[in-house]
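What the coordinates show
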Amino acid sequence: MPLAPPRRPSGSLSDVLVGRQSELALLRTAVASPPSLVLVEGEAGIGKSRLVGELLATPELAGVRTLVGQCEQLQEPLPLSPVLDAIRLTGAELARSRPLNPVTGALAPLLPEIAGQLPPPPPALHDQRAERHRVFRAAVALLDHLSPLVLVLEDVHWADGGTHDFLSFLASHQPRDLSVIVTIRPAAGPLPLREAFARAPSGPALTVGLAPLSGSEVEELAAGILKADLPRTFTAPLYEKTGGIPFVVEEVLRTLLERLPAGEIPGRADVLAGLAVPTVLRDVVLQRLASLDDTAQEIIGAAAVVGMTPDEHVLADVTEHGPAEVARALAKAQAVGLLHEQDGGCRFRHALARQIVYEARPVSGRRWLHLRTARALESRPGPKPVAGLAHHYRHAGRTTEFVENAEAAAGTAMSHGDDATAARFLLQALETGELPGDVRVRLAVKLGRAAVDGLAHAEAVPILERLLATEPLPAHLRGELRFALGRLLRQQGEARAGHLRIEEALDDLADRPALLGRALAVLAAPETVVDRHISEHTARCDEAEEAARRSGDPDVGVAVRITRASLLLEQGDPASRRLIDELRHDDRLRAAPREHARACLNWAQGALHIGHLDWAEALLAEGRQVVDQAEYLRLAEIVELVTAAADHAAGRWDGLAGRVRHLGDSAPATFAAATLDVRLLHGTLLAATGPAEEAVAALTEVIAIAERVGAVWPLIPARTALSRLLLTLDDAAGAAEQATAALVRVRAKGNWVWGAQSVLCLADSLDALGRAGEAVELVDELAAGIAGADAPLAQAALLTARAVLARASEPSAADRLLDGARTVLKDAGLRYEEALTGERLGRWRCEQGAADGGGLLEGALRLYGAMGADRDIARICRVMRRNGVPIPYPWRGGRPSHGQILSSREREVALLAAAGKTNQEIAAELFLSRRTVESHVSSALRKLGLPSRKELRTLL
């Protein structure tokens, strides 16, 4: 039987759903075509639960099982509580059903009510994250077993991190006959599950936003409740005072109905004169409370302290009233609309109602009730609810007990892999001003460990900085805090500051070799900071190996070997491949999913840096698999970034710009350190697809930020990309300046593999300025710097730079060198780089009168076309026309084009652009989107073979 709520929620005055028909239709359509995900969004009292209740009561869902779970405002660290609450009543159905998937036995310890209907629990896992993964799989398998099913989770803005992680996992592994409906408040801040729901394999979640009712809808709602026609003199002030929030409208009318007969209310607009929002709601609730006798008021006031759904036994202990008297008080509160029945218990009708009742108690009385509640919870059998105890002791003003339970709650959260919840508890504890120094230090050390993966970087950094500045600390603790602070700063994108903090920690960690080894391993990463030579990184790595050996901790040894592999990889050292392959098969690394995933993703990025696309994609695939299996959702954005970078290198650009913009727009806290990489990718894409002005601005911004924070990567490639772009804009001097600045950083770092393309850009710039001879020594320096390196990008850049220098004196040798570079890039699968080199070779051969030059140009054109590199297309078309090479149209396939002839809309846009109007001005004049105007401008430039829009003026 479906477990659906009644059509009209308990306590509602209206029999009819007003103003929500279109939203209800959207929900009905969504659940009729599972799998589906729906977010019902709106402020408190807006009618989210009412809308869902109406949906579940529709005839179409009469034969569909529905489960409803409710999130509490005070969450325990243990995740999945609302999901478990939703499915704990399915025992009878499971007893009659077919055999269950054995993995569902993992839920038995969490659901004692239905444990008898579940398979036996599998053996416990030692890794808490693996255990959580199995519980996630079990919950999804059980939901699949119960399908067709509509799962409703209400008030998810109150859910803990574990529940958000599960919902993200569910979105990626959603059973085909399951519809999920989530209600949330928009004011609660960004939710982690939004991004996961947006990228769900079944399609992005449908968001149903509920706005306040309009004036006419408030009139309809009030008329239905009062069963009368209402004059404008009544409905206008009613709408003004309630703001169109259905819950407030009903509560105001409920109060009026107690004062006056329904027939008299429409003519008494004066009764609304003294009401104000949000005072209206407070008055309504307080009047309901005042209608109760003193004992009932006392018990309901205590209930507001205990929680949204107060336990009657705890309430009896807190108030010292017998169970029967507590039950009578709850029944009276339900009768007047303060509470309503849910799942066999009493619950406040709304969080605002509970808040108003709570605030009606004097502060001293609330503190006393919180203390009584904590004592009652503490005296009950079973595990202590440390999260709840921390909450109550905090509001009771009992610092010692609060800190003790907050620390315990943080430990529980970390044991479940919920670092975010742990960090929140520790931050609360550290905000207490009366902590002894040793307690503050202990909590800060734990915060440093939790905050790195717990999304609490911004909050934790000032606490650790203040503690380090003011507290006399023993060396070993000072070192650990400095190390933790350095890691947090690095994750915030502050590369130089983080590196310096970790360097400061080294002396203090001398007697803690395990931590010292990890700190040295971080300092050995070459791509993180400027002003540290590769030899220093190598020395740090050697020191890390020695510290790992002294520690005897094999996990530290694995961490150092991971860093060693990255260090070798970024230099193109062939030994890196062997070391990485060994580590990928190391059982110790494979048993640590977080480290395994991080390592694979870091190596994939390193492989892209040097041009090994096939290797990068293999590492990326392994990293993605580990992230998915371990549900390490905080690395999901990094997976997307590396995937986008690999697609860029491979020339798979269809839809890539939108994905990169999305990555840049999301930029969560855990993603801060990678934001510059996203901006670099965005800038390099713009450099090929246009507009050029935006590309210059994007790359210049990356350079400015990277210089400020001291991040060597992506500083070097950003300057190189800008140099290459300026060359296409005929600014050889500017290109030379950027390439020279990049090479200053290359020399300081000592890794010429990173500098090869900068050398090529400088050689091209000097050649354009008639000073190619100045680049000879630089090219020789590059050759020596990458000798023996297995780095396709660097080797191709060296061959091309040599070809540039040899072109004037030895054209045949230059041709062979350039052809060799093109072969290297083609074999590496680097399609855009291959196209650029093919264009250069085709242009040179055409200028020499070779017959195959045109074919090379056409091949490069087709590569550009497949990628949508509009700026490159415009340039190569101009080269082909100048050399008499026919331009094939259409050469990209797809819909027919106008060839070299502008369409009427393209001509209209081009004329306005030629007149000096911006894209935004053109969009406004022609009633087009800005993106459409950009597309028309790019198309016109391509067809006309023009490099930039400023040349439209002379042509048109």
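Numbers given for residues are sequential positions, taken from 1 along each chain in its written order. Side-chain atom pairs in this predicted model are given and counted only at pLDDT of 80 or more, local residue features only at pLDDT of at least 70, and totals for whole chains, interfaces and linings cover all residues. With hydrogens and water set aside, each side-chain value is computed from the structure's full complement of heavy atoms.

Focus on the sheet that holds strand β4 (residues 178–184)
Put simply, the rule is: At least two DSSP bridges between two strands are required for those strands to pair. Comment: elements are numbered from the N terminus, with helices defined as DSSP H or I runs of at least four residues and strands as E runs of at least two. Axes, fitted as lines to C-alpha atoms, cover a helix only where it is in contact. Angles between the N-to-C directions of the axes lie from 0 to 180 degrees. Residues count as neighbours in contact if any of their non-hydrogen atoms are within 4.5 Å of one another.
Within the open sheet, the five strands sit side by side as β2-β3-β4-β1-β5. Their pairing is parallel. Strands at the two margins of the open sheet, each flanked by one partner only, are β2 (65–70) and β5 (206–209). With strand direction ignored, the average angle separating the axes of adjacent strands in the sheet is 15°. Alignment of strand β1 (residues 36–41) against β5, held across four bridges, turns out to be parallel. When the bridges of β5 are listed, Val-40 appears paired with Val-208. Each of β1, β3 (149–154), β4 and β5 is contacted by helix α1 (residues 21–32), which is oriented at about 160° to β5, the strand it contacts most.

A closer look at the nonpolar core
To keep things clear, this is the line we draw: As used here, the term nonpolar core means buried Ala, Val, Leu, Ile, Met, Phe, Trp, Tyr and Cys residues forming a set that is joined through side-chain atoms within 4.5 Å. Residue exposure (1.4 Å probe, protein chains only): buried if accessible area is under 20% of the type maximum, exposed if over 50%, otherwise partly exposed.
One finds Leu-583, Trp-603, Trp-653, Trp-752, Ile-786, Tyr-832 and Tyr-864 to be the most contacted residues of the largest nonpolar core, which totals 123 residues. Per-element tally for this core: the top contributor is helix α37 (residues 752–768), with ten residues. Among the nonpolar cores identified, the runner-up in size contains 94 residues, and Leu-238, Leu-260, Leu-426 and Leu-489 belong to it.

Digging into the packing of helix α5 (residues 128–146) against helix α6 (residues 161–172)
Selection criterion: These descriptions rest on fixed angle ranges, namely under 35 degrees for roughly parallel, over 145 for roughly antiparallel, 65 to 115 for roughly perpendicular, and the rest for oblique. Take the far helix as the reference: if the near one is turned anticlockwise from it by less than a right angle, the crossing is left-handed, and if turned clockwise, right-handed.
Packing of α5 against α6 brings their axes to within 10 Å, and their N-to-C directions diverge by 55°. Relative to α6, α5 is oriented oblique. Relative to α6, α5 is oriented so that their crossing is right-handed. Together, Arg-132, His-133, Phe-136, Arg-137, Ala-139, Val-140 and Leu-143 of α5 and Gly-162, Asp-165, Phe-166, Phe-169 and Leu-170 of α6 make up the contact between the two elements.

Observations regarding the packing of aromatic side chains
Formally: Classification of ring pairs rests on two measures: the distance between centres of Phe, Tyr or Trp rings, Trp counted by its six-membered ring, which must be within 6.5 Å, and the angle between planes, read as stacked under 30 degrees, edge-to-face over 60 and tilted in between. Throughout this description, the term charge over a ring refers to an Arg CZ or Lys NZ atom that lies within 6 Å of the ring centre and within 35 degrees of the ring normal.
For the structure shown, the criterion picks out five aromatic pairs. Counting every residue linked through ring pairs, the aromatic cluster contains Phe-136, Phe-166 and Phe-169. Above the ring of Phe-483, the side-chain terminus of Arg-487 is found at 5.7 Å from the ring centroid. Positioned over the ring face of Trp-615 is Arg-577, at 4.0 Å from the centre of the ring.

Looking at the confidence of the model for the protein chain
For the record, the criterion: Each residue gets a pLDDT score, which is the predictor's confidence in that residue and runs from 0 to 100.
Overall, the prediction assigns the protein chain a mean pLDDT of 86, with 91% of residues at 70 or greater. Note on residues 1–10: pLDDT under 50 across the span, and 25 contacts to partners over four residues away in sequence or across chains. Confidence over residues 892–899 falls short of pLDDT 50; this stretch has twelve contacts with residues more than four positions distant or in other chains.

Considering the side chain of Asp-508
Relative to the elements of secondary structure, Asp-508 occurs in the loop between α23 (495–505) and α24 (513–523). Taking the relative accessible area as the measure of exposure, Asp-508 reaches 11% and is therefore buried.

Considerations on the environment of Thr-932
Within the secondary structure, Thr-932 is located in helix α46 (residues 930–944). For the pair Thr-932 and Phe-402, spaced 530 residues apart in sequence, the C-alpha separation works out to 58 Å.

Quick word on the pattern of salt bridges
Pairing is possible between side chains of opposite charge, provided their charged atoms come close. Put simply, the rule is: The working definition used for a salt bridge is a side-chain nitrogen of Lys or Arg within 4 Å of a carboxyl oxygen of Asp or Glu.
Scanning the entire structure with this criterion turns up 57 salt bridges. Linking Arg-532 and Glu-536 is a salt bridge whose minimum nitrogen-to-oxygen distance equals 3.4 Å. Residue Arg-532 is classed as buried on the basis of its relative accessible area of 18%. Classification of Glu-536 by relative accessible area gives partly exposed; the value is 28%. Note that Asp-647 and Arg-659 form a salt bridge whose closest N and O atoms lie 2.9 Å from each other. In this pair, Asp-647 sits in helix α31 (residues 636–650) while Arg-659 sits in helix α32 (residues 656–666), placing the two residues twelve residues apart along the sequence. Of the residues examined, Asp-647 reaches a relative accessible area of 11% and is grouped as buried. A single network of salt bridges, built from pairs that share partners, joins Arg-375, Glu-378, Lys-384, Arg-398 and Glu-401.

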